[in-house]
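Here are the chains, one letter per residue:
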Amino acid sequence: MTTPFGGGNIVGRAAAVTAGAGSRTVLITGVGKGLGRALALELAKKGHSVVGCSRSQDRLTSLHSELSLVDSPLSDSAVSSSDKHFFMTVDVCHRDHLKGLR
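These figures come from a predicted structure and were not determined experimentally.

What counts and what doesn't
- Here, residues in each chain are numbered from 1, in the same order as that chain's written sequence.
- Note on the predicted model: pLDDT of at least 70 is required for a residue's local features to be given, and 80 or more for side-chain atom pairs to be given and counted; whole-chain, interface and lining totals, by contrast, use all residues.
- For the side-chain quantities, the full set of heavy atoms in the structure was used; hydrogens and water were omitted.
- For each residue, the accessible area found with a 1.4 Å probe, counting protein chains only, is set against the maximum for its type, and the residue is called buried under 20%, exposed over 50%, and partly exposed in between.
- Only DSSP runs of H or I covering at least 4 residues are called helices, and only runs of E covering at least 2 are called strands; the numbering of each starts at the N terminus.
- Strand pairing is defined by DSSP finding a minimum of two bridges between the two strands.
- Here the term right-handed applies to a crossover when the path leading from its first strand over the helix to its second strand runs clockwise, the strands being oriented away from the viewer.
- Axes, fitted as lines to C-alpha atoms, cover a helix only where it is in contact. Angles between the N-to-C directions of the axes lie from 0 to 180 degrees.
- Relative orientations are named as follows: roughly parallel for angles under 35 degrees, roughly antiparallel for angles over 145 degrees, roughly perpendicular for angles from 65 to 115 degrees, and oblique for any other angle.
- Left-handed describes a crossing whose near helix is turned anticlockwise from the far helix through less than a right angle; right-handed describes the clockwise counterpart.
- For this analysis, residues touch if any pair of their heavy atoms sits within 4.5 Å.
- Under the grouping applied here, Gly and all other residues not named as nonpolar or charged are polar, the nonpolar ones being Ala, Val, Leu, Ile, Met, Phe, Trp, Tyr, Cys and Pro and the charged ones Asp, Glu, Lys and Arg.
- Side-chain atoms within 4.5 Å are what join buried Ala, Val, Leu, Ile, Met, Phe, Trp, Tyr and Cys residues into a set we call a nonpolar core.

> Explanation requested: the pairing of strand β2 (residues 49-54) in the structure shown.
Looking along a regular strand, one sees the side chains alternate between the two faces of the sheet. Counting buried positions along β2 gives five out of six residues, so the element sits mostly inside the fold. Judged from the five bridges that link them, strand β1 (residues 25-29) and β2 form a sheet pairing that is parallel. Bridge assignment links T25 to a residue of β2, and that residue is S49. A crossover connection joins β1 to the parallel β2 through helix α2 (residues 34-45); in handedness this β-α-β unit is right-handed. Of the pairings in the sheet, the one linking β2 to strand β3 (residues 86-89) comprises four bridges and is parallel in character. Bridged to G52 within β3 is F87.

In structure tokens:
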């Protein structure tokens, strides 16, 4: 799978983010299940902040609860793990949902 910006393998790009020094903010669509959820959990464990969207609020709530249990070696002890992440219910296939993101 390639991305429209710059090409390349998305899994390879995710590996590059996890290998980088320091924490980053990562945007993941489809974060509620499957590969998106797995990436969110792995990146959070490595100290990165996750911004994600999903069509299901229930799945976002579940992921947010799970992330509150993640202990990252890079995390700031003054900020809880779940407070580092931001999730929203969005269906990226609908233009009217995307207009609210601007």
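> Hey, could you run me through the packing of α2 against helix α3 (residues 57-67) in this one?
Describing two packed helices takes the angle between their axes plus the distance from one axis to the other. One can describe the packing of α2 onto α3 by two numbers: an axis separation of 11 Å at closest approach and a directional angle of 25°. As the angle between them shows, α2 and α3 are arranged roughly parallel. Here α2 runs over α3; the crossing is right-handed. Touching R37, A40, L41 and A44 of α2 are R59, S62, L63, E66 and L67, all from α3. Tallied by class, residues from the contact of α2 with α3 come to five nonpolar, one polar and three charged.

> Before we go on, may I ask you to explain the nonpolar core in this structure?
As a rule of thumb, soluble globular proteins bury nonpolar side chains together. Grouped together as the largest cluster of nonpolar side chains are 13 residues, with contacts concentrated most on I28, V31, A40, V50, L63, L67 and F87. When residues of this core are traced back to their parent elements, those giving at least two are β1, α2 and α3. With four residues, the single largest contributor to this core is α2. Excluding residues that lie within four positions of it along the chain, L63 makes contacts with V31, R37, A40, L41 and F87.

> Mind showing me how you'd approach the sheet that holds β2 here?
Hydrogen bonds along the backbone pair up the strands of a sheet, which may run parallel or antiparallel. Spatial ordering of the open sheet is given by β1-β2-β3, a layout of three strands whose pairing is parallel. Each end of this open sheet is capped by a strand with a single partner; those strands are β1 and β3. Strand-to-strand, the axes of this sheet are offset by a mean angle of 10°, without reference to chain direction. The sheet strands contacting α2 are β1 and β2, and the helix crosses β1 at an angle near 165°. In this fold α3 packs onto β2 and β3, with an angle of close to 170° to the strand it touches most, β3.

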